Amino acid sequence: MARHTTARRWAVALPATVVAAVAGGIALTPASTVVQATPAPATSTQTIPTTTDASSGAAQSAAGPDAADSVDTGSAQAGSAGSSSPAKVSVRTLALGSATNPADGASTSNSQPAGVPLAFAAAAATEGSAAPRVLRTVAAGTPFSAIGISWQRDPSLGRVSVAVRTRPSAGAPWSSWTTASNGENDDRNGTNAIPADLREGPGLIWTGEAVAAEVVVTTVAGRQPVDVKVDLINPGVAATDAAAADVSAATASASPEAVAEATQDASPEATATDGEEVASADPLAPAAVPAAAAAPNPGSYGNGVVKIYGRAAWGANAAYMKWAPKYASKVNAVVVHHTATSNNYTAAQVPAIIRSIYYYMAVTEKYGDMGYNVLIDRFGRVWEGRYGGLSRAVVAAHAGGFNSGTSGIGIIGDHTKVAVSAAAKEAVARYSAFKLGAGKVSPVGTTRLTGGPSTKFKSKVTVSLPTVYPHQSTSSTACPGKYGLAIMSWVRTRAKTLVAAYKLGSTPVNPVVTKPTAAPKPTTTTKPTTKPTTSPTAKPTTSPTATPTPAVTTATSTTNSAAVPAAGLSVYGAGFGHGRGLSQYGAKGAATQGLSATQIVNFYYPGAVVAAKGNPTIRVRLSAIDGGHFTFVPVSGTTVSGIVATAGNGTAVTLPVRTGWHVARSGSSYLIQEKVGTAWKTTHTLAAPVTFSGPATLKVNYSAAKSDCRGGTSVTFAGSLTALVADNTARYVARMPIDTYLKGVVASEMPSSWPAAALQAQTLAARSYAAAKITPSRYYDVIDTQANQCWDGALSETAATNAAITATAGKVLTVGGTVISTEFSSNSGGYTASGGKSYLPAKVDPYSLASGSSTNNWTTVVTPAQLAAIDGAAGLTKVTTVTVTKRTGVGRWGGRAETVVLAGTLSTGKAATVSVTGDAFRSKLGLRSTYLGFTK
């Protein structure tokens, strides 16, 4: 990535969404996982420059002058994200449009088709004052086993019914109709905020093997859904599916209760997961339980109270995951759901059903992963859902507004129609005992949860709820159905008995205190292979070190180790950001002392040569509308004119003068729409990719606000715009000369009031970084966020920064004739960090100290609670000492912290230690850099 913290962000302090480029796709880390900016010092009004990390595809930045890098340490003991040989899920997507603007192949009417039921016939009779709006399609020829219907999210959507019927083979009679109604949206990771790009729908409909489907979407009252799509999902076959079929054989000779216990206890030697011990016997298991084989074996949890099949057992495909795990401190309540899918499934079909639900939630609805923490089938088997570690308090997406601190169970089936099986009921109790017992929460008690908004609560609320409660307690839904409600009391009492029998919450077995595995390893700090070839011509002026802010003193503190007082631990540090390459405050300090831009970049990138590159075209991905849509609006005046749309097949259309043009994806094509009244009407359907060009300047209104950099709902730029489909998602890429691109970058990275030489040095670094990113191997070169460099189009342009671009036109930094990836950071703190390259050495940086920045020296106090939270809910509950055990070896305190060890106690009082990376320590505590110690 190109940066960590930008000068301009000091003023605007916007939240960040980190976009990490990963092999084969794009993973988005929610803004909620990024440590947000702390308030700016009251005495400072300057803006703080950006930190750039061009060496990593993963973003490590956050908006705001004091924002720390985003480092996810949450996936310790998370297990496998998916199977090593996942099933190939194939999906055919049908675009239906809407009842007023149907897509090709869809029909509409103003009356409900004869014989097609509504999901809420009684309510429809009283609410449907106007004629219903019906959208209908029939599709055949593609084998599938599940149907996922979705539409563009609309918080004001009316009452919508969906009816589906299928044929198992060509010429076979139609099945009976299955109905469902629109459900609720959910936050992805417990942020209590519904992302704008989520789609919504009635939930997955499991059909069993079929080759044809008829889908009827009826709006009975209120606003109709738009951009309706039907996914015909073929979940494929995984290598482990045969094991599920073997389990079904046990149901012939055993009661459901016995099958549940057999599945849980047939393999006491099963490998324990997350450090938990496998119980050799079940103190509450029925006698003479017949054996039931299943491979791979489930892991044992909660001293053996429950056994759970991992994600690999149902063939999870990790490629569908787009969100990193997030964790709460503990589970305070278990939420019981039903999946509202078919009830007459076989044991052999269960993995395929779960794969279908996974695809629908992760991809169709864009949750980025399974919504439920676990799923339970009617045979009593428990299956891991949401990734992140079964022994941890993983925040999932199952109870909108109340996801953090709860664990969601999805019972596979529709329990508005049939009772929950005894085997499934027992499994619900066992999983509830495991999760609640671990946190010393009584299954028969109540808890106060703060959450919302949800479909039941329109704003944030605190409510008192049972610690095992049905979904409908916090959402306007019938879930888990009347028969799901009927088991609540029994489950609570049974779970209480199980907690006592398995001694849960007393002495944990093999507590998890291992180092988080997901935190990025620190960059290697090997010495540069070449010495600096140039040195500044002007001798740096010494500047007194700023006096650190008074803080809590610690008598036992040394440079590398400190005891943690009750009042908090004082941490002393220098600089802001990773410290590699150009220090932006250093560039200011050097320019103030008379150095030229060339001298500044020679100092920070020794061995690099300023060379001519010209003005190549660069492609900028517009992150705000990934998966969304946009509208061309007037740059000035009241109309849009001169736009030429060129399709991938060569078809070119000149769009007539209008007040605006709307563009949205439809399958492998794009719809170009003009406003007719209050609605958009399709005038052209062009095959992707579609490039829009013609006017010198384009202005685009986003379908969702940009939450990074300067934010906003639109962008204005000089160039062309291409709408394409990548990763089965709508993507939009702006094309322009690199110097035009820089006009939207440099002013976002450095205050335009700074000296011209500093702005020119920043421009050389920004141009070199962008030029190094240009590649034919993907559909874009850079992203418009802090994941690369902030680009906000004309909004960011200033006369001073444009002058810096002109003064350095066409120039980049090269080593050995190759453009280098020029990392930069806000402030090195007086000593740059090694980037593992000859041109990124660790060296004394007097210019940063000469800048007078308030980040040259900083002090903060971290509380014992903050320290205890570093390793998550399963780790230390009290930290007594903190020790830096490994440093880079150069600079104050012996260099930047690479490894930090926390010593303390677990909830049981047992002593333990936890080791984390310096980057994780910084990120979790919101520190400005890893250049720190425990003495001044």
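Not measured: the values here are computed from a predicted model. (Residues numbered from 1 in each chain as written. Predicted model: local features only at pLDDT ≥ 70, side-chain atom pairs only at ≥ 80, totals over all residues. Heavy atoms only, no water.)

Asker: Please clarify how the overall build of the protein chain should be interpreted in this entry.
Answerer: Secondary structure assignment for the protein chain yields 17 helices and 44 strands. Here the protein chain holds 936 residues, and 57% of them are scored as buried. The contacts of the protein chain with a sequence gap of at least 6 include a subset with a gap of at least 24, amounting to 76%. Carbon and sulfur atoms provide 54% of the accessible area of the protein chain, an area that totals close to 33,100 Å². (Helix = DSSP H or I, 4+ residues; strand = E, 2+ residues; numbered from the N terminus. Buried < 20%, exposed > 50% of the residue type's maximum accessible area, 1.4 Å probe, protein only. Contact = heavy atoms within 4.5 Å. Areas by Shrake-Rupley, 256 points an atom, 1.4 Å probe, with all protein chains shown as cover.)

Asker: Got a minute to help me understand the side chain of Thr763 in this structure?
Answerer: As for its placement among the helices and strands, Thr763 is situated in helix H13 (residues 756–773). Looking at Thr763, the relative accessible area reads 0%, which means it is buried. At a separation of 2.8 Å, a polar atom in the side chain of Thr763 contacts the main-chain carbonyl oxygen of Leu759. Apart from residues no more than four positions distant in its own chain, Thr763 is found in contact with Leu742, Val746, Ala804, Ile805 and Thr808. (Polar contact = N/O pair within 3.5 Å; in protein donor to acceptor, adjacent residues only side chain to side chain.)

Asker: What exactly am I supposed to notice about the sheet that holds strand S35 (residues 729–737) here?
Answerer: Pairing between sheet strands relies on hydrogen bonds along the backbone, with the strands arranged either parallel or antiparallel. Spatial strand order, S27-S26-S31-S34-S35-S24-S36: seven strands in an open sheet with mixed pairing. At either margin of the open sheet sits one strand with a lone partner, and together these are strand S27 (652–654) and strand S36 (782–783). The pairing of strand S31 (residues 690–693) with strand S34 (residues 720–726) spans three bridges and is antiparallel. Pairing of Val690 across the sheet is with Ala723, part of S34. (Pairing = 2+ DSSP bridges.)

Asker: What exactly am I supposed to notice about the confidence of the model for the protein chain here?
Answerer: It should be kept in mind that the predicted coordinates are not to be read in detail where pLDDT is low. Taken over all residues, the pLDDT of the protein chain has a mean of 79, while the share at 70 or more is 77%. Low pLDDT, under 50, characterises residues 1–78; the predicted model gives this stretch 309 contacts beyond four residues in sequence or across chains. Note that pLDDT drops below 50 for residues 248–295; the model gives that stretch 102 contacts with residues more than four away or on any other chain. (pLDDT = per-residue confidence, 0-100.)

Asker: I tried to follow the sheet that holds strand S29 (residues 669–676) on my own but got confused; where do I start?
Answerer: An order of S30-S29-S28-S25-S32-S33 is seen for the six strands of this open sheet, with the pairing classed as antiparallel. One side of each edge strand has no neighbouring strand; the edge strands of this open sheet are strand S30 (679–687) and strand S33 (712–717). Neighbour-to-neighbour, the strand axes of this sheet turn through a mean angle of 30°, independent of strand direction. For strand S25 (residues 630–632) and strand S28 (residues 661–666), the ladder comprises three bridges, and the chain directions are antiparallel. Paired with Thr631 across the bridge in S28 is His662. (Axes fitted to C-alpha atoms, helices over the stretch in contact; angles between N-to-C directions.)

Asker: Help me understand the packing of aromatic side chains in this model?
Answerer: What describes a pair of aromatic rings is the distance from one ring centre to the other and the angle between the planes of the rings. Counting across every chain of the model gives 19 aromatic pairs. When the centroid spacing of 6.1 Å and the interplanar angle of 80° are considered together, the rings of Tyr345 and Phe379 count as edge-to-face. Here the residue Tyr345 occupies a position in the loop between strand S13 (333–338) and helix H5 (350–364), and Phe379 occupies one in the loop between strand S14 (374–376) and strand S15 (382–384), the gap between them amounting to 34 residues. Assessed through its relative accessible area of 9%, Phe379 is described here as buried. (Phe/Tyr/Trp six-rings, centres within 6.5 Å; stacked < 30°, edge-to-face > 60°.)

Asker: Help me out: how do you make sense of the nonpolar core in this one?
Answerer: Within soluble globular proteins, side chains that are nonpolar tend to cluster in buried spots. Counting 44 residues, the largest nonpolar core has Phe630, Phe632, Phe692, Phe717, Leu721, Tyr741 and Trp791 as the members making the most contacts within it. It is S35 that contributes the most residues to this core, four residues altogether. Beyond its immediate stretch of four places on either side in the chain, Phe692 contacts Phe630, Phe632, Ile643, Val644, Ala645, Val663, Ile672, Leu698, Ser720, Leu721 and Ala723. Counting 35 residues, the second-largest nonpolar core is a separate cluster that includes Leu390, Ile409, Tyr431 and Leu436. (Core = buried A, V, L, I, M, F, W, Y, C linked by side-chain atoms within 4.5 Å.)

Asker: Would you mind going over H5 with me for this structure?
Answerer: Structural remark: α-helix, 3.6 residues per turn; residues separated by three or four positions point the same way. With 15 residues, H5 should reach 21 Å at 1.5 Å per residue; the first-to-last C-alpha distance of 20 Å fits that figure. In the stretch just after H5, Lys366 is the one whose phi turns positive, near 70°. (Expected span 1.5 Å × (residues − 1).)

Asker: Help me out: how do you make sense of the pairing of strand S17 (residues 446–451) in this one?
Answerer: Across a regular strand the side chains alternate sides, sitting on one face of the sheet and then on the other. Alternating positions in S17 separate cleanly, Thr447, Leu449 and Gly451 being buried on one face and Thr446, Arg448 and Thr450 remaining unburied on the opposite face. Here S17 runs beside strand S18 (residues 461–466); their pairing, made up of six bridges, is antiparallel. The residue bridging Thr450 from the neighbouring strand is Thr462, located in S18.

Asker: So what exactly am I meant to see when it comes to the environment of Val164 here?
Answerer: Tracing the sequence through the fold places Val164 in strand S6 (residues 159–167). In this structure Val164 comes out as buried when scored by relative accessible area, which is 2%. Measuring from C-alpha to C-alpha, the distance between Val164 and Val217 comes to 8.9 Å, with 53 residues separating the pair along the chain. Dropping the residues within four chain positions of it, Val164 is found in contact with Ile147, Ile149, Ser176, Trp177, Thr178, Ile205, Glu214 and Val215.

Asker: Can you help me understand unusual backbone geometry in this one?
Answerer: The bulk of non-glycine residues show a negative phi, and the bulk of peptide bonds are trans. Looking along the chain, the bond that leaves Cys479 and enters Pro480 is cis, with omega of 10°. Residue position: Pro480 is located in the loop between strand S19 (468–470) and helix H7 (481–485). For the bond from Ala688 to Pro689, the omega torsion is -5°, close enough to zero to count as cis. Non-glycine residue Asp227 carries a positive phi angle of around 55°.

Asker: Please clarify how the packing of helix H10 (residues 597–604) against H13 should be interpreted in this entry.
Answerer: When two helices pack together, you describe them by how their axes are tilted relative to each other and by the distance separating the axes. Here H10 crosses H13 at 50°, and the two axes come no closer than 8 Å. On the basis of the axis angle, H10 is oblique to H13. Taken as a pair, H10 and H13 cross one another with a handedness that is right-handed. Facing H10, whose interface residues are Ala597, Ile600 and Val601, H13 presents Ala757, Ala758, Gln760, Ala761 and Leu764. Classifying every residue of the contact of H10 with H13 gives seven nonpolar, one polar and no charged. (Parallel < 35°, antiparallel > 145°, perpendicular 65-115°, else oblique. Left-handed = near helix turned anticlockwise from the far one by under 90°. Nonpolar A, V, L, I, M, F, W, Y, C, P; charged D, E, K, R; others polar.)

Asker: Explain the pattern of salt bridges to me, please; I cannot follow it from the model alone.
Answerer: Where charged atoms from two side chains of opposite charge approach closely, those side chains can pair. Applying the stated criterion across every chain, the model contains 19 salt bridges. For Arg381, the salt bridge goes to Asp377, with nearest N and O atoms at 2.8 Å. According to the relative accessible area criterion, Asp377 is buried, its value standing at 0%. Notably, a salt bridge pairs Lys706 with Asp784, separated by 3.4 Å at the nearest N-O pair. Here Lys706 is found in strand S32 (residues 698–706), whereas its partner Asp784 is found in the loop between S36 and helix H14 (799–807), with 78 residues between them in sequence. Using a relative accessible area of 6% as the deciding quantity, one classes Lys706 as buried. Assessed through its relative accessible area of 0%, Asp784 is described here as buried. Counted as one network, the salt bridges with shared partners bring together Arg621, Asp626, Asp727 and Arg731. (Salt bridge = Lys/Arg side-chain N within 4 Å of Asp/Glu carboxyl O.)

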